[in-house]
Structures are given as C-alpha cells and as structure tokens.
Amino acid sequence: MATASGINQLLLKLDNLTLESISDKYPNTYPQTNPFDLYRVHLAEILAPITGVAAEKIHPVIQWTNTLDKGDFTLPIPALRIKGAKPDALGAEWAPKFPEDDPLFDKPVAAGPFLSFFAKGGPLAQSLIPMIRALGADYGRNSFIGLKDPKDPSKGKKRLVVEFSSPNIAKPFHAGHLRSTIIGSFLANLYEGAGWDVVRVNYLGDWGKQYGLLALAYERYGDEEALKKDPIDHLFRLYVRINAEKDDELATIEEKKKEGQDVTELLANSLDEQARGYFRKMTDRDESALALWQRFRDLSIVRYRATYARLNIKFDEYSGESQVSEEAMAKVAKEMAEKGITREDQGAVLVDFTQLLPGKEGKRLGKAVLRKRDGTALYLTRDIAELLGRYEKYGFDHMIYVVASQQDLHLQQLFKIIELLGYKDIASRCQHINFGLVMGMSTRRGTVKFLDDILRDCADHMHEVMRKNESKYAQVEDPVGTADTLGISSVMTQDMSGKRGNNYTFDLAVMTSFEGDTGPYLQYAHTRLSSIKRRANVTEEELADADLSLLTEPHAVNVVRLLAQWPDVAQNTLRTLEPTTVVTYLFRLTHVISSSYDHLQVVGSEPALKASRMALYDAARIVVANCMRLLGLSPLERM
Ligand code: ARG
C-alpha cells in the first residue's frame, strides 16, 4: 500500500523485517492500516537484546495507555516473568540502554515496574498525516480481521448476522427498540469495518392473536386513506381502540357471570374469540385473511425503511415471527421430542431444564412452554426454528441478537435448546448483546408510537435550543434539517455514552446541550474543523506537499498521537463490543483538538506553517468523521 510507505519502509529496513515476516512473527498485526502496529514491532525488536527476552514474547505484553502523559505505550515489566529480578531494578537498568538515536522513540521513562515510551512527534506526524489523508474514510477500518483466512483472502469473509431493532407492528416502539436500533446498527458498522460480511436482520413482532384483533378493527373502523398516509399511526390507533373495546366487553361478561347469568354465547361471540378465529384463518393460510395482514406488514415496512434511513440504517432482511413456517416448527418439535428435550404436560409442550440439566444451571433456566394446550406456537418456539433457518440460509460464522436485558432468560433458554438438540457448534456462534433500561422516555405529544415520534421530539427541542442564539441561528442555512440531524445525534450519543448494561435517564435538556459530552458538541467539533478547511483555502497539492516537520508544538504532537490511536481503539472495540469505547475516545480526541486551536493558528499564519497545520486539522477532521460514522452519526459540514 503506497500510503504505508515512507516511515514503514525505513522501519522494515531497520529491523530487517518484511511485511510478510512481520505477520508471521507477530500475529494480528496490520502495519498496512495501523501504523502503531509497526511501532510495537519495532519496540519489541529494540527491546529484545536489551532485556534478553525474545521479541515475540515482548510484543504481546506491550500495552497502550489511557492518557497521553503516560506515553504512547507501556511495558509492564512483571508480565515478562523474569525470575529472580526486581521489576523496578530492571526498568532502571534497561531505560538507559535504549538507543539515543532511535528514529521513532525518545528514551523510555522508567516508572516503578513500568517503562513508558513516547513516540517522537516529527516522524509520527510525517508518516501518519499523509496516511490518514490517503486512506480517508478507510482509516480505522481493517479488511483483514474478518477474513476466514487472513493469509488467503480468496477464501472470503466471515459472515455475521446481526438482528436488531425488531419492533412489533401496531404496538408502540419503546425505549428497548430504540436502544436495540442504535446499538445494533453500531455493531453492524463495527464488524463491517473489520472486514466481515454483515447481514442486518429486523425480526418484526408481526404475528399472533392480536393481529387477528387488528384485522377486525380494520374491518370495522379502517380508513383506507389514513392507512396509506401513515400506516404505523393508523394501525396503532385501531389497535388501541379495539383493545379497549375487547377489554370492556370481557369486563361486562365477567360482571354478568358474577350475577349468575349464562355467558356461554356472549363469550363465543366476543371480540376475543373472533380474533382467535381470525388468527386461526391466518395460520391456516386463508388467502383473504393473509392478504389484509400482508398489506399491514408491507405498508408498515415502507414507513420503517424511511425512518431507519434517517439513522443511516438499511436492513438486508425484514424477517419476523410471521415468517417462521408451521412446517419448520413441526420439524424441530419432532426432533426435540425424539431427543427427549420436550415433554407433554396436560396437552402443552414444554422444556423442563430443571430435569434436563443438573444443579444451578437447570434451576436458573427453569421451565419453558413451547406450545400451548390449544396448539399455538409460542415466541420461544418461533425463535428456535428461526435460528436454525438463519443458519441454513446464511451459514453465519457469528450471530448477534441485540435485545434488552429483560429477555436474558429467553435467549439463554433459546441457545441452550439449540445446544441440547446437538447443534453445539451453532449455539457457540450465537451471542446475546443486552442493554439496560431507559428511564423517563415520554414525548411532549403524549404516547410514543414510533421512532419518528421520538426523533421529532428531539429535533423540536434542538430547534428551540438553536433559536436561543439569535445571531448564530440567522446564519444557519437549513435550520430544520440541521435541528433534525442534531436531534438524532443527541439521542444516539446519549445512548452510547455509558456502558450498554447501565440504565440511563432520557433527558432532552442534557442531551441537546452544546456543552458537555453531547451529540451537538461532537457535531460542533466536526463543523469547526470543516469550516477551517473552507476558510483556509489551501489546495490539495499544498496539503500533500506540506512540510510536516513544522508540527513541533506540543499541542500539534498531542493531536497526532491521539489520531494514531484510532485503529487500536477500533480493534479494541471489537473486543468490548461497547459503543462507549469509541465515544470515550472521540471525546478525548475532540477535547485535545479543541484546546489546540489557540496554539496552532491556521488562517493568518505564513504559508508553510499554514499548510502543515491545515494538513493536521484535515487529518483530524477525517478521524472525527470516521468515528462519528461508525457510531451511526451523520457528520455535519456546517451549522
Ligand atoms: N419483538 C420483540 C419485542 O419487542 C423483540 C424480538 C427480539 N428478538 C428475538 N429473536 N426474539 O420484545
């Protein structure tokens, strides 16, 4: 890769290595996309003769740091397991032996049992900035990690199926769906950036007796125009109305029964019973019943698509509970019975983990009903057949379910059943990514029906915040569109700031503020970098030819050092699977950029200095944008 030339070539010569020998000797290093990988290799090679430990043993022990004052890398000496010597003494002995004129590092600092290494600013800036500018949106991505065989790309990519969002048709889109949408989309982007082949699946709640009830409501009160105009809203209204009627009716019947009346006929004609009947027609594949339901589903999906597009999300498949066939369920039911996993209990079919698995595990998983006495298949049954169907269809290497913690038990039962069926390998490829609750999410217009309601509320609030600064507001070209993007950034950033497992409070005032670690702050940071580029008016050639050795100020060096961390952070996120790993880095980066402005004037500086600083800020803008896009945010150019 041309962009990795320069310093990399020098290094390769220096340590007598080739790109190929590096990847043999040091697994999981990708110098083509991550300059710090080469830095670590170089450190290991230099330290080997000094410490008497083999370079391959030193390399995995080298750590990155959490703050710049601790250096760019540290070596925890105890991790080398050298017998009979005190780590502190070893550090003090080794530090002075480090070469004076190393091209990449200053002499290390010994601090107790640690050695801290600081990269030299000049060489880092000179190799990194051109590389970032050349790679652009690809900086921080890595096409090797997702390969089936990193040594032979022709064998293809590993495949990830990620199921997320998964709302229920005609029912409210609640905070759990919101979080699943945000986190799921982030995980999909993350794996895609690591070179995986990613399939995004939305598993709709679109089946069950309640959809029979909905059809009855439509037959009575349906409005063709309203359905076409806003299907999600119309179906929701119908659903609320018919449910209230059904409940009233059941209460009345209950009253009459108490009074001693014969209610058999009333019950038989009740809405509840009619809904059951309608749904039975659906499961029996009655064409007209299915056609109506299919319309509801199709029209809803059209709306979902448009809303997800606002969040830069596109699903490859709209699956759903309805898509699991009775045949597929009958097939696993038979298999489960044969393998002794299920048993019948008064006509119902259930899995009794307490009997199947000894001790704590069985107790924890309890019992799960798969089929009710009347024969209806339950949520869990559908999930079993769906999981196996997905494996058949996609042959995934890994599958992630992004579902709230409330369903922990459900997914544990699901994976365990797959295992008990004898598909241990498939079960081991499945993972539940859970998350905590959102407290206090309500909108000013009342009930949340769909994602649109939440997003619109945030945009409105954002618009009010923007209006408070009159002079600035007057300059915004597209206030409505800007408020919309900022509003979306607010919700998403707030959601991804903490660890997934934590609960948080939905707070419009906090999340839409330009102060603090918020979405609008990130957008502001990006627009400021974009505006410098517009105002500086430096041509691409001037940027390419800029003399980067002029970037000697500590503020410039610190920005460069943070920019160099991005591929490491992205790769580490693949381990944590926590959006906050990226968010935390991004705020550190934007803070360091923001405090550099006063020290590194661009507009008004003499041409050579101006070009070098502009190249630095251009690289910074690229990295900020790459982080934002990974999180699912749309970076704004101006606001
Ligand atoms: N529709 C479900 C709900 O709203 C979430 C689906 C989770 N995914 C699954 N495969 N069970 O609770």
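Predicted model only: the values in this text are computed from it and were never measured. (Residues numbered from 1 in each chain as written. Predicted model: local features only at pLDDT ≥ 70, side-chain atom pairs only at ≥ 80, totals over all residues. Heavy atoms only, no water.)

**Q** I tried to follow the overall build of the chain on my own but got confused; where do I start?
**A** When its secondary structure is counted, the chain shows 28 helices and 14 strands. Its C-alpha atoms give the chain principal-axis dimensions of about 100 × 65 × 45 Å. Evaluated residue by residue, the chain yields a buried proportion of 54% over its 639 residues. Taking all contacts inside the chain whose residues are at least 6 apart in sequence as the whole, residues at least 24 apart take part in 70%. Of the roughly 28900 Å² of accessible surface on the chain, a fraction of 51% belongs to carbon and sulfur atoms. Where the 80 positive side-chain charges of the chain centre and where its 86 negative ones centre are 2 Å apart. (Helix = DSSP H or I, 4+ residues; strand = E, 2+ residues; numbered from the N terminus. Buried < 20%, exposed > 50% of the residue type's maximum accessible area, 1.4 Å probe, protein only. Contact = heavy atoms within 4.5 Å. Areas by Shrake-Rupley, 256 points an atom, 1.4 Å probe, with all protein chains shown as cover. Lys, Arg positive; Asp, Glu negative; His and termini not counted. Charge placed at Lys NZ, Arg CZ, Asp CG, Glu CD.)

**Q** I would appreciate a short explanation of the pairing of strand S9 (residues 348-352) in the present structure.
**A** Across a regular strand the side chains alternate sides, sitting on one face of the sheet and then on the other. Of all five residues making up S9, four are buried, and the element is well covered by its neighbours. What sits between the antiparallel neighbours strand S8 (residues 342-345) and S9 is a turn of two residues, in which Gln346 has the positive phi angle 45 degrees. Where S9 meets strand S10 (residues 367-371), four bridges bridge the pair, whose relative direction is antiparallel. Bridge pairing in S10 links Leu350 to Val369. (Pairing = 2+ DSSP bridges.)

**Q** Honestly, the site of the ligand in this entry has me stumped. Any pointers?
**A** Contacts to the ligand come from Glu163, Ser166, Asn168, His177, Tyr203, Tyr379, Asp383, Tyr401, Val403, Gln407 and His410. Contact between the ligand and Ser166: a nitrogen atom at 3.0 Å from a main-chain N or O atom of the residue. The separation between an oxygen atom of the ligand and a polar side-chain atom of Gln407 is 2.9 Å. When the free accessible area of the ligand is taken as 350 Å², the share hidden by the protein chains comes to 90%. When each cavity is represented as a set of grid points, the ligand is found to reside in the largest pocket. A class-by-class count of the residues in the shell around the ligand yields four nonpolar, five polar and two charged. (Near = heavy atom within 4 Å. Polar contact = N/O pair within 3.5 Å; in protein donor to acceptor, adjacent residues only side chain to side chain. 1 Å grid on protein atoms, 1.4 Å probe; cavity = no way out; pocket = protein on both sides within 12 Å on 5 of 7 lines; lining within 4 Å. Sits in = over half its atoms within 2 Å of the grid points. Nonpolar A, V, L, I, M, F, W, Y, C, P; charged D, E, K, R; others polar.)

**Q** When you look at a positive patch on the surface in this model, what are you seeing that I'm missing?
**A** A contiguous patch of positive charge on the surface is contributed by Arg528, Arg534, Arg535 and Arg638. Among the residues examined, Arg535 registers a relative accessible area of 54% and is labelled exposed. (Patch = residues over 30% accessible without salt bridge, like charges linked within 9 Å, V, L, I, M, F, W, Y side chains within 5 Å. Salt bridge = Lys/Arg side-chain N within 4 Å of Asp/Glu carboxyl O.)

**Q** Just checking my understanding: could you explain empty space enclosed by the protein for this structure?
**A** In this approach the atoms are scanned with a rolling probe the size of a water molecule, which exposes any empty space left behind. Following the criterion strictly, the structure yields three cavities of 30 Å³ or more and no others. By volume, the largest cavity is sized at about 50 Å³. In terms of lining residues, the largest cavity is bounded by 13 residues, among which Asn168, Ala170, Lys171, Ile232 and Tyr304 are the most central. Listing elements by their share of the lining of the largest cavity, those giving two or more residues are helix H10 (231-258) and helix H13 (287-310). Taken together, the residues that form the lining of the largest cavity break down as nine nonpolar, two polar and two charged. (Points joined across faces, edges and corners; volume = space filled by probe spheres on them.)

**Q** Any chance you could explain the packing of helix H14 (residues 326-338) against helix H17 (residues 379-394) here in plain terms?
**A** Helix packing geometry: the angle between the two helix axes and the distance between the axes. Where H14 contacts H17, the two axes come as close as 9 Å, and the packing angle between them is 95 degrees. It follows that H14 is roughly perpendicular to H17 by the angle criterion. Touching Glu326, Ala328, Met329, Val332 and Met336 of H14 are Thr381, Arg382, Ile384, Ala385 and Leu388, all from H17. Of the residues that constitute the contact of H14 with H17, the class distribution is seven nonpolar, one polar and two charged. (Axes fitted to C-alpha atoms, helices over the stretch in contact; angles between N-to-C directions. Parallel < 35°, antiparallel > 145°, perpendicular 65-115°, else oblique.)

**Q** I tried to follow the side chain of Arg200 on my own but got confused; where do I start?
**A** By the element assignment, Arg200 lies in strand S6 (residues 197-204). Accessibility expressed as a relative area gives 10% for Arg200, which makes it buried. Of the polar contacts made by the side chain of Arg200, one reaches the side chain of Glu192; its length is 2.9 Å. Setting aside residues up to four positions removed in sequence, Arg200 forms contacts with Val162, Phe164, Ala188, Asn189, Glu192, Lys314, Phe315, Asp316 and Glu317.

**Q** Can you walk me through unusual backbone geometry in this structure?
**A** As a rule of thumb, non-glycine residues mostly have phi less than zero, and peptide bonds are mostly trans rather than cis. Phi at Asn537 is positive, roughly 60 degrees, even though this residue is not glycine. For Asn537, a relative accessible area of 63% gives the class exposed. Unusually for a residue other than glycine, Leu577 sits at a positive phi of about 50 degrees. Tracing the chain through its elements places Leu577 in the loop between helix H26 (554-576) and helix H27 (579-596). For Leu577, a relative accessible area of 6% puts it in the buried group.

**Q** Got a minute to help me understand helix H7 (residues 175-193) in this structure?
**A** Turn by turn, an α-helix covers 3.6 residues, leaving residues three or four places apart pointing in a common direction. If you check H7, its first and last C-alpha atoms are 27 Å apart, about what 19 residues at 1.5 Å a residue would give, namely 27 Å. Most of H7 is tucked away, with 18 of its 19 residues classed as buried. Phi turns positive one or two residues past the end of H7, at Gly195, with a value near 90 degrees. (Expected span 1.5 Å × (residues − 1).)

**Q** Looking at this model, I keep getting lost on the nonpolar core. Mind explaining?
**A** In a soluble, globular protein the nonpolar side chains are often hidden away together inside. Grouped together as the largest cluster of nonpolar side chains are 158 residues, with contacts concentrated most on Leu75, Leu563 and Trp566. A total of 14 residues in this core trace back to one element, the largest contributor, which is helix H28 (residues 607-631). Not counting chain neighbours up to four residues away, the residues in contact with Leu75 comprise Leu47, Ile58, Val61, Ile62, Leu80, Trp94, Pro113, Phe114, Leu115 and Phe117. Met336, Phe353, Leu357 and Met399 belong to the second-largest nonpolar core, a separate cluster that totals 35 residues. (Core = buried A, V, L, I, M, F, W, Y, C linked by side-chain atoms within 4.5 Å.)

**Q** Would you mind going over the pattern of salt bridges with me for this structure?
**A** Once the charged atoms of two side chains with opposite charge are near each other, the side chains can pair. As enumerated under the stated definition, the model contains 44 salt bridges in all. A salt bridge links Glu245 to Arg241; the nearest nitrogen and oxygen atoms lie 3.8 Å apart. Remark: Arg241 and Glu245 occur in helix H10; sequence separation between them is four residues, near one turn of the helix. On the accessibility criterion, Glu245 (25% relative accessible area) is partly exposed. Taken together, the shared-partner salt bridges connect Arg133, Lys533, Glu540, Asp618 and Arg621 into one network.

**Q** Got a minute to help me understand the sheet that holds strand S5 (residues 159-163) in this structure?
**A** Within the open sheet, the five strands sit side by side as S7-S6-S5-S11-S12. Their pairing is parallel. Single-partner strands in this sheet number two, and they are strand S7 (317-320) and strand S12 (430-433). With strand direction ignored, the average angle separating the axes of adjacent strands in the sheet is 25 degrees. Note: strand S11 (residues 398-402) against S12, four bridges, orientation parallel. Bridging from a neighbouring strand, Tyr401 pairs with His432 of S12. Seen against the sheet, H13 touches S6 and S7 and runs at an angle of roughly 130 degrees to S7. Of the strands in this sheet, S5, S6, S7, S11 and S12 are in contact with H17, which crosses S6 at around 155 degrees.

Fair warning: the whole summary comes from geometry, so function is off the table for now.
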